[in-house]
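Summary of the model geometry
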Amino acid sequence: MFLKIFSRSLVARSTASAVVLVSVLVAVPMVVLIQSDVRNTRAELAIRAEMATRIVLDDVTNALWDLDPEEALTALSPLRSIDSFAEAVILGTHGERFAIYRKPGSPAVADGAANPAATAAAVPLTRQDRTGGSRTIGTLLVRLDTGPTDAAIRHHVLVLGGIGAITLLLVVLGVIWATRGVTLPIAGMTRAMADLAAGDVTVTVPVRHRDDEIGRMAKALDTFRQNAIDLHIAKERAEQAVASKAKFMAAASHDLRQPAQSLLMLTAMLRATAPSPKVAESARKIEQVVMTLKQLLDELLEVSRLDAGGVTANIAVHEVADLFDALDSQYGPVARNKGLAFSVPQYRAPVLTDRVLLLRLLGNLIDNAIRYTPSGQVQVACLESGGSLIVEVRDTGIGIPEDRLDAIWEEFHQIGNPERNRDNGIGLGLSIVRRLAGVLDHPVKVRSTPGKGSVFSVTLPLAPVEPALEPMLRTEIPPAPAPAPAAIPAMVATPAPAAVAGLATLADAPAKSGEIAILVIDDDQFVLSAISMFLTTAGHRVVGASSVAQGLRAVEGGDILPDAMIADYHLSATENGLDFIDTVWHRLGLRIPAVLISGRLDGAVTARAAEMGVIVAAKPIMPDRLSALVEQMTAARPAGAGAAAVGALDIAAPHKTPTI
């Protein structure tokens, strides 16, 4: 815990360092001084004891020679005047006691006992014998009491220790005060920087008005904070601008698609009923212009939605073989009409992806490959690598120079189209691919050789499967005969499950004869009129409605028993085409084939339409495709005579509709 505190607190580290340093600086000299004082005192006492023995040495020697204890005690009595004197002992030649003299009030000291509070001096007692030789007759032992001296030393130690402790405390307090004067502003700036890093630009930077280094650091941090505020404001404005652009593009796209839809239908009628080839050619050119406008609107809206974050991935398990079949149906005829060989792999494996977004991504890559491949082939291939499936779009086109491999992902960047020929697109396809890859988290790579072709690869995560099912799910599909060119592009929803009890299908309805009855509903009068006129010219009986109420009145009033319905999605602020289709189904008890068209379709609408089995088409829809859809929807209509009432069919149970 303490180590954690030290590692996180500069104040704690600085204070601890100061305490250790001051303690060493105070304690070491104090210990040295005390030890020196003790040694000097002991040495002084030893010298004093030895000098004391010299004072009484002769008298004590004579008394011991005369064997007179009383004389010996008298000889020792001058020692009482010596400070710290404790006792004196006269010992014989064999260490026996001859006389003991103790200062009154002094405690007795046993012979040979270790007494740390006493200092002794031993002096041999010698005398000349009759022959003139020196003879040792005993020993004089003088002991001095060091207790008072030790007490004085302890007092001095306590005083010095107290002074040292006070000094240490003052030093610690000073260090803390000085350190906090540095660390507190730094800690405040650290918190301010952390808040700024978290996006809080309302923090206040402390000590901005100091003139020292910390003040200059605080001023720099305050400048950084102001820059962050400016950047945050600029970011908010940019986000608002992007959101506004997305809303504007969505609204503008929807509003522009409406007249484009009307133009397509009217020009198709004009081309079909043209009184002269010149008028028919003019109508065809108008259609081409409108198609260019449609492509521009589609791609601009797609980029806008991706930039605004309006596209989210609905990741689920999908069979890759179904995705390849859809791509082959949609782009195979286009490639073959250009004289290119087109192939997709016969491979089966479950992948984790968003079906709709992945089809857009791969579709843009294939469309781009077809555009820039004058001759040869466009091939979709795949291979497994670890837990991923790598899908490649290969072509034998013009290729991409190495120095432009990064630039191709930018908006409106095209290779080999300096004149901006609209037949080669507008340069948003790969930009959309990059954005979709980011939404799906499917990395996209490219390698290319100029003049030989390019390979774009997309890495998909494989879905986990049971070991028993893996050989069956991840296998090559036996080659099948090449499909005939599709009559209509593969833009319809996936077939839903078979009909459930409660709603009859068109094939179950009583037989009808005569013209095909189509109910068209659109809140835009121009679009409604144009589609109705086009279908009427094609020989169908059409009833148009501009609102839900008007459409239901036409059905319930018997004005029309439709064989097919064409509904716009956005009918009013609270009504939409899918709800209208569902209501008609239940009112009639018959699941009538329907097409949902709109200039703005999101994932939720597309998913609901697929669940209901309703075909989805974006505005503006091509006249030829609309005719093909009508033919496809009514192909299951039973032939015969007599239009019996079908309203009596049971409608109690919920329904789910297969896609037509």
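Residues numbered from 1 in each chain as written. Predicted model: local features only at pLDDT ≥ 70, side-chain atom pairs only at ≥ 80, totals over all residues. Heavy atoms only, no water.

**Some words on the overall build of the chain**
- Helix and strand counts for the chain come out as 15 helices and 18 strands.
- By residue count, 41% of the 660 residues in the chain fall in the buried class.
- Of the contacts made within the chain by residues no fewer than 6 positions apart, 71% connect residues no fewer than 24 positions apart.
- Total accessible area on the chain stands at roughly 34300 Å², and carbon and sulfur atoms take up 60% of it. (Helix = DSSP H or I, 4+ residues; strand = E, 2+ residues; numbered from the N terminus. Buried < 20%, exposed > 50% of the residue type's maximum accessible area, 1.4 Å probe, protein only. Contact = heavy atoms within 4.5 Å. Areas by Shrake-Rupley, 256 points an atom, 1.4 Å probe, with all protein chains shown as cover.)

**Considering the nonpolar core**
- Within the largest apolar cluster, 41 residues are counted, with the highest numbers of intra-cluster contacts made by Leu361 and Leu365.
- Elements that contribute at least two residues to this core include exactly helix 7 (320-337), helix 8 (355-371), strand 9 (377-385), strand 10 (388-395), helix 9 (429-440) and strand 12 (453-461).
- A per-element tally of this core places helix 8 first, with eight residues.
- Residues Leu552, Ile560, Tyr569 and Ala609 belong to the second largest nonpolar core, which totals 29 residues. (Core = buried A, V, L, I, M, F, W, Y, C linked by side-chain atoms within 4.5 Å.)

**Examining the confidence of the model for the chain**
- Summarising the model, the chain shows a mean pLDDT of 76, and 77% of its residues fall at 70 or more.
- Within the model, the stretch residues 417-422 combines pLDDT values under 50 with seven contacts to residues more than four positions away or in other chains.
- Every residue in residues 640-660 scores below 50 in pLDDT, and together they form 65 contacts with partners more than four places removed in sequence or on other chains. (pLDDT = per-residue confidence, 0-100.)

**Side note on the pattern of salt bridges**
- Applying the stated rule across the entire model yields nine salt bridges.
- Note that Arg143 and Glu87 form a salt bridge whose closest N and O atoms lie 2.8 Å from each other. Of the two residues, Arg143 sits in strand 4 (residues 134-145) while Glu87 sits in strand 1 (residues 85-91), which places them 56 residues apart along the sequence. Just as Arg143 is buried, Glu87 falls in that class too.
- Arg587 is the salt-bridge partner of Glu556, the closest N and O atoms lying 1.9 Å from each other. (Salt bridge = Lys/Arg side-chain N within 4 Å of Asp/Glu carboxyl O.)

**A word on unusual backbone geometry**
- In this structure, Leu67 takes a positive phi of about 55° despite not being glycine.
- As for its position among the elements, Leu67 is in the loop between helix 2 (10-65) and helix 3 (69-76).
- Notably, Asp441 is not glycine yet its phi reads approximately 60°, a positive angle.
- Looking at the element boundaries, Asp441 is found in the loop between helix 9 and strand 11 (444-449).
- Accessibility expressed as a relative area gives 63% for Asp441, which makes it exposed.

**Here we look at the sheet that holds strand 18 (residues 615-618)**
- Taken in spatial order, the five strands of this open sheet run 15-14-16-17-18, and their pairing is parallel. With partners counted over all chains shown, the strands left at the sheet margins are strand 15 (541-545) and strand 18, one partner each. Each strand of the sheet is rotated relative to its neighbour by a mean of 20°, with strand direction disregarded.
- Sitting on the sheet, helix 12 (residues 548-556) is in contact with strand 14 (517-521) and strand 15, with an inclination near 140° to strand 15. (Pairing = 2+ DSSP bridges. Axes fitted to C-alpha atoms, helices over the stretch in contact; angles between N-to-C directions.)

**Examining the sheet that holds strand 6 (residues 341-343)**
- Spatially, five strands are ordered 6-9-10-12-11 in an open sheet, and the strand pairing comes out mixed. Of all the strands in the sheet, just strand 6 and strand 11 have a single pairing partner and so form its edges. Along the sheet, successive strands turn relative to each other by an average axial angle of 20°, direction set aside.
- For strand 11 and strand 12, the ladder comprises six bridges, and the chain directions are antiparallel. Note on strand 12: the bridge partner recorded for Arg447 is Val455.
- Here helix 7 sits on the sheet in contact with strand 6, strand 9 and strand 10, set at roughly 170° to strand 6.

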